[in-house]
Structure formats: C-alpha cells, structure tokens
2 protein chains.
Amino acid sequence: MADRVYEAIRREILDGRLAAGEKITEAVLAERFDASRTPVRSAIVRLAGDGFVEMTPRSGTVVKRRTPAEVSEIYEVRALLESAAAGLAAGRCDERDLDELKAIQSEMEAATTGPWQAEEEVVERISALNQAFHQKILEASRNATLADSAARLMNIGFLINTYARFSHPEIERSLFEHRQLIAALTSRDPAWAEAVMRAHILGARNSLAAAS
Amino acid sequence: MADRVYEAIRREILDGRLAAGEKITEAVLAERFDASRTPVRSAIVRLAGDGFVEMTPRSGTVVKRRTPAEVSEIYEVRALLESAAAGLAAGRCDERDLDELKAIQSEMEAATTGPWQAEEEVVERISALNQAFHQKILEASRNATLADSAARLMNIGFLINTYARFSHPEIERSLFEHRQLIAALTSRDPAWAEAVMRAHILGARNSLAAAS
DNA sequence: AGTCTTGTTTTTGTATCCAATGGGGCTCGG
DNA sequence: CCGAGCCCCATTGGATACAAAAACAAGACT
C-alpha cells in the first residue's frame, strides 16, 4: 500500500497542507498514515521523480519550491504541448470524446451558477473538473507520450496556488475558452483548436503571473 | 548508494544488456551490484518513474517494451519540444554556448573521419556526443522545464536501438544537420533553428521507422 | 561578544526478516 | 494427448533493526 501513501502525500501537497519548502520527515508521515517507513520512502522517491519534492542525499526532503519564473516556464511548456494535443484531438476525436467534454463543461457551468455556498468547495470542484477537461483533450489526441508529458506538467501546475487561480473572472474566462475549444474540436479545425488552447493556457499563465 | 545502482541498471538498459521485455528480479540485481534489495528497489521505482521499466504490483518488473508507434510518438514530441528549445536558444545563447556546440561538433567529425577501428566503440562515442549536442541546445534555451521534459524523452529515445540508428549515412546526415543548427544559432535566427531541429528529429524518426 | 569546535540527537540510508500473493509445475481427469 | 485444477515455491511488499551522517546545541576560546 505504498500507492495509498503516495496518493495521500500527493493530495496533502496539492491541497497545500504540506506547504512549499516544508521539510518532510519519513517517520512523521509513516506514523500519520499508519505505515512503516518503507512505503513512505518509496512514495517519496516517486514524488521526487514527479517533481513534487526534492530529496537531498543524507539531508532530507522538502516540498519543492517554485519561483514565479519557473511557474511561467511550466505554463509555457504546457501551452506548447497541450496546444499540439488540441490540434491532434481536432483531427482525431470521436463523438464520444466530444460528448464527455460537453458533459464536463456542463458540470462546470452548473457548479458556477449554482448556489455559492462554501466558496472553497466550489473552487475545488471547478479545479477538478478543469483538470478532467484538459486530461480528456490530451486523451483525445491519441498520443500517449504527448499526453503523459503534458499531464506531468499539469499536475505540477495544479499544485501552484490552486485557489488564487480561480477567482470569479478567471472562471468565467475559463468557461468561455472551454466552450470555444469544444467548438473548434466539433468543427474538426486543428489550427483553431491549437490557437484557442494556446491562448487559454498562456492567459492562465498571465493571470497567475499578475497575482504573484 | 542507491544512486550507483540506479545508474548501473540504467546503463545496462541503455546498452541493451537488459533487453526490452526482460524480467527484472530484485534479488539478482542486488547480488550483481553487491547491495541489498533496498537500494535496488529504490532504483527500480525511479526507473519506473522515468519510463524505463514497468512495475506490475505483486507480480514483478520488466524492462518496458515500446511498439514502433510509441517510438514514433516519442520522436514527434521530441521534435515539438526540442524545436521550441532550438528557437529559444537562437535568441538566448551566448558565445560560450556556441563554442561548446562547435567543440562537440568537431569531436563528432573527428570521431567519424578518424580510423574506423572498433565500429561499435565509434558508434557509442557518436551517440554520446550526439546526446551532449542536443543537451547543450536544451540548456541554451534557458528554460529548465522545457529542457527537463525534452531530456526525459531523449533518454527514453536513446534506449531504442542505439546502434541501428547510426549507420554511416545517418551519421553523415546528422553531422550535416548539426552544422546547419550551429549556423542558425550563430545567426540568431529562431525560425531557422526551429525548422532545422524539427527536420533533424523527424528525419531521425523516419529512418528509425524505416529500420523497424 | 562572536565564532569555532565538539558532543549529542535526530534522521536518513541500508540490511535483514517476515508475511502474502502470483506463477510455474505437477498431477489428475477427460 | 491435451486441458483444468491444485499445490509449492520463488518473489514481491512491508516492518524492523542498525549504522552513519548531518543538524542542532552547548561550551570554550579568541
């Protein structure tokens, strides 16, 4: 059950319960998850490979810090990869893909127009749906290598201030661009899909840069 | 010394001493490298993260097989990432970068024109220099995220038949394209550099596809 | 008073041990 | 002769024990 520990730590990092720069001690996590240090170590090695934490030999592990410049870089590479994926998806997606995208989109719209009860919960839901939307397009590109490369960056990206990113205007913009993306995919227009995706991600980068 | 084991296994895979599809048993590797199973396990987890091996829970680990389609995918994504890197590098590289690239190029030319003694050794040397060349351009892009994403794919790519790829005509073509790349970078022409790099990598993909 | 040094303590990294599961081989039946 | 089912063993995954190294703290010296 090293997988369980891996997922748990990952979630703690993504949720911000383990803050960037925070020191990670194996024994602490082992006790928290009621396991021995062995699976915790394994999980940490995997997380280091995924770029979530940084292991320095004999010294310890910390949750990786990212400078604003690095965050920009991540979004730029994402723009490159995901726009290519969107272009491919426009030529390769089938009706089922489009239906699923539309379903996700509907859920996102419902989540925003619904009663704004617990702000944080809504934001978390939006974030999850947003991730699913992008993942779906990567999948529709029918290029697993491309999808993996992009997904890796997406995951890292999502740990960067999940909350600050989704202010109300941001959500509106995101919904709008997602609609355009669906339109581009529906009309099988690779160039359009590519351009919209690039604009979408670089726009997100920009508002993130403005916030930091 | 898990790092040592990691590097050792990695080298065995890259050199083909551990063939694709081959089963990996921790105890065997532990004995071979004169270590316990613990660091071997750690190394295997890292290798799985890098996409070199595939761990199936409770069952075992095998060196990952790649279909020709996957290989093509890898080269296509490499083309995408590395051409972008070359474009950035054209705008950002300094004299030192160019000098180092030229030095690598000289060594490659020397290695090919020199006495063709042990064919295999020469090919191995060319391969290492080629990798260094591409790595250098990634570095010159001044985008660590882009460089990492591309380097990951490059490493996987190099495990795919290091030998078959470098027949004589291939080497000649590679040298020629590298010269063009240096020319494009020297004249600070991003569009040219990008195009040459894309052509270079897609060309390699093509001859690899033809060989398989 | 500040800094270097030294001793202690926490924590990492490795080795060994144990349980549980999957695969291979053997046997039995058709 | 071939296939299905069962049993044993090899191998993985986890826990614990131990050694070594680094961080921290306290004290002495300049």
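Residues numbered from 1 in each chain as written. Chains lettered and ligands numbered in written order. Predicted model: local features only at pLDDT ≥ 70, side-chain atom pairs only at ≥ 80, totals over all residues. Heavy atoms only, no water.

Assignment of secondary structure puts B:Ser42 in helix H3 (residues 37-50). B:Ser42 has contacts with A:Val45 and B:Ala2, leaving out every residue within four places of it along the chain. (Helix = DSSP H or I, 4+ residues; strand = E, 2+ residues; numbered from the N terminus. Contact = heavy atoms within 4.5 Å.)

Turning our attention to the relation of the copies chain A and chain B. Structural alignment of chain A on chain B gives an RMSD of 0.1 Å, achieved by rotating through 180° and translating 0.0 Å along the axis. Viewed as a symmetry operation, the transformation between the two copies matches a two-fold axis. The overlap is high: 100% of the interface residues of chain A also sit at the interface in chain B, so the same surface is used on both sides. (Least-squares fit on C-alpha atoms with pLDDT ≥ 70 in both.)

This part takes up the pattern of salt bridges. Side-chain pairs of opposite charge can arise where the charged atoms are in close proximity. Residue and element names in this part refer to chain A. The tally for this structure, following the rule as stated, stands at 43 salt bridges over all chains. As a salt-bridge pair, Glu26 and Arg37 come within 3.0 Å of each other at their nearest N and O atoms. Of the two residues, Glu26 is situated in helix H2 (residues 26-32) and Arg37 in helix H3 (residues 37-49); the sequence distance between them amounts to 11 residues. Salt-bridge contacts for Arg205 lead to Glu76; the nearest nitrogen and oxygen are separated by 2.7 Å. Of this pair, Arg205 sits in helix H10 (residues 190-211) while Glu76 sits in helix H4 (residues 68-92), and the two are 129 residues apart along the sequence. Residue Arg205 is classed as partly exposed on the basis of its relative accessible area, which comes to 24%. (Salt bridge = Lys/Arg side-chain N within 4 Å of Asp/Glu carboxyl O. Buried < 20%, exposed > 50% of the residue type's maximum accessible area, 1.4 Å probe, protein only.)

All right, on to the sheet that holds strand S3 (residues 60-63) of chain A then. All names here are of chain A. Strand order in the open sheet formed by three strands is S1-S3-S2, and the pairing between neighbours is antiparallel. Strands at the two margins of the open sheet, each flanked by one partner only, are strand S1 (23-24) and strand S2 (53-56). As judged from the four bridges shared by S2 and S3, these two strands associate in the antiparallel manner. Across the sheet, Glu54 pairs through a bridge with Val62, a residue of S3. Sitting on the sheet, H3 touches S1, S2 and S3, and the angle it makes with S2 is about 110°. (Pairing = 2+ DSSP bridges. Axes fitted to C-alpha atoms, helices over the stretch in contact; angles between N-to-C directions.)

Once that is clear, we can look at the UniProt feature "domain: HTH gntR-type" (unreviewed entry) in chain A. When the UniProt feature table is mapped onto this chain, "domain: HTH gntR-type" (unreviewed entry) is found at residues 1-66 of chain A. Between the C-alpha atoms that bound residues 1-66 of chain A the distance is 29 Å, and the span itself is 50% helix and 15% strand. (UniProt positions renumbered as here; feature names shortened; annotations may be inferred.)

Residue and element names in this part refer to chain A. Among the surface-exposed residues, Glu119, Glu120, Glu121 and Glu124 lie close enough to one another that they form a single negatively charged patch. Secondary-structure assignment places Glu119 in helix H6 (residues 119-140). Take Glu119: its relative accessible area is 41%, and that puts it in the partly exposed class. (Patch = residues over 30% accessible without salt bridge, like charges linked within 9 Å, V, L, I, M, F, W, Y side chains within 5 Å. Areas by Shrake-Rupley, 256 points an atom, 1.4 Å probe, with all protein chains shown as cover. Lys, Arg positive; Asp, Glu negative; His and termini not counted. Charge placed at Lys NZ, Arg CZ, Asp CG, Glu CD.)

Let's shift gears to the protein's contact with DNA strand D. By nearness alone, 16 residues border DNA strand D, and A:Met1, A:Ser36, A:Thr38, B:Arg37 and B:Arg41 come closest of all. The sugar-phosphate backbone supplies 67% of the atoms of DNA strand D found within 4 Å of the protein. Between DNA strand D and the protein, one listed contact pairs a phosphate oxygen with a backbone N or O atom of A:Ser36 at 2.7 Å. At 3.4 Å from a phosphate oxygen of DNA strand D is found a side-chain nitrogen or oxygen belonging to A:Ser59. When contributions to the surface near DNA strand D are tallied by element, the ones reaching two or more residues are H3 of chain A together with H3 of chain B. Among the residues forming the surface near DNA strand D, the class breakdown is six nonpolar, five polar and five charged. (Near = heavy atom within 4 Å. Polar contact = N/O pair within 3.5 Å; in protein donor to acceptor, adjacent residues only side chain to side chain. Nonpolar A, V, L, I, M, F, W, Y, C, P; charged D, E, K, R; others polar.)

This paragraph deals with the sheet that holds strand S1 (residues 23-24) of chain B. Residue and element names in this part refer to chain B. Strand order in this open sheet of three strands is S1-S3-S2, and the pairing throughout is antiparallel. The sheet is open, and its two edges are formed by S1 and strand S2 (53-56), each paired on a single side. As paired strands, S1 and strand S3 (residues 60-63) are joined by two bridges and run antiparallel to one another. In the strand pairing of S3, Ile24 is matched with Thr61.

On to the interface of chain A and chain B, then. Tallying the contact residues gives 20 residues for chain A and 20 residues for chain B. Note on chain A versus chain B: buried area summed over both sides is about 1,500 Å², and carbon and sulfur give 60% of it. If you sort the residues of chain A by the area they bury against chain B, A:Glu73, A:Leu80 and A:Thr145 come out on top, with a joint share of 30%. Here chain A is connected to chain B by zero salt bridges. Run the count over chain A and chain B and you get four residue pairs in polar contact (both at pLDDT 80 or more). Only H3, H4 and helix H7 (144-159) of chain A provide two or more residues apiece to the side of chain A that touches chain B. The dominant element in the side of chain A that touches chain B, judged by the number of residues it contributes, is H4(A), at eight residues. Tallied by class, the residues present in the side of chain A that touches chain B amount to nine nonpolar, five polar and six charged. (Buried area = accessible area lost by both parts, 1.4 Å probe.)

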